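Single-letter residue listing:
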Amino acid sequence: KDGYFTVAVSTAVDRPTNATAACGISWLPWGLDPKGIVYMRNMLPSPGFAQAVQNSTYGTEQQTLGDYYPVGSYYATPQAFEQQVGCPAG
């Protein structure tokens, strides 16, 4: 409702129990390759969108994007994710 979202990425066996629509958390299945990479794609922004990553220079990304700056967190276990994130929509 505030414009923020959470996406959990894991193998199916390590999917956190709270990575559900009911908890407001999207889930992406991770493949079998443990050396994979998650990419976030930036599309072309509206010309008036000042917080676009295309408007930043090296080292100013967080300042330029403000609330739109993506934040990643690593959790070693599904249980750690479940405890830290909880069920924000529940």
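Source: prediction; values computed, not measured. Each chain has its residues counted from 1, following the order in which its sequence is written. At least 70 in pLDDT is required for a residue's local features to be given in this predicted model, at least 80 for side-chain atom pairs to be given and counted, and no such filter applies to totals for whole chains, interfaces and linings, which use all residues. As a rule here, side-chain values cover all heavy atoms of the structure and leave hydrogens and water aside.

Q: Could you give an account of the nonpolar core, with specific residues and numbers?
A: Listed in full, the five residues of the largest apolar core are Ala8, Ala19, Cys23, Ile25 and Phe81. Once residues within four sequence positions are removed from consideration, Cys23 is found in contact with Asn18, Cys87, Pro88 and Ala89. Throughout this description, the term nonpolar core refers to a set of buried Ala, Val, Leu, Ile, Met, Phe, Trp, Tyr and Cys residues connected via side-chain atoms within 4.5 Å. The rule is simple: take the accessible area with a 1.4 Å probe, protein chains only, and divide by the maximum for that residue type; under 20% is buried, over 50% is exposed, in between is partly exposed. Every residue pair with non-hydrogen atoms within 4.5 Å of one another is taken to be in contact.

Q: Now, about the state of the cysteines: what can you tell me, with residues and values included?
A: Disulfide assignment relies on a single distance test, namely cysteine sulfur atoms paired within 2.5 Å. Tallied over the full model, the rule gives one disulfide. Two residues share a disulfide in this structure: Cys23 and Cys87, whose sulfurs sit 2.0 Å from each other. The sign of the -100° torsion about the S-S bond sets the Cys23-Cys87 disulfide as left-handed. One end of the pair, Cys23, is in the loop between strand S1 (6–10) and strand S2 (25–29); the other, Cys87, is in the segment after helix H2 (78–85), and 64 residues separate them in sequence. The buried category is assigned to Cys23, whose relative accessible area is 9%. A run of DSSP states H or I qualifies as a helix once it reaches four residues; a run of E qualifies as a strand once it reaches two. Both are numbered from the N-terminal end.

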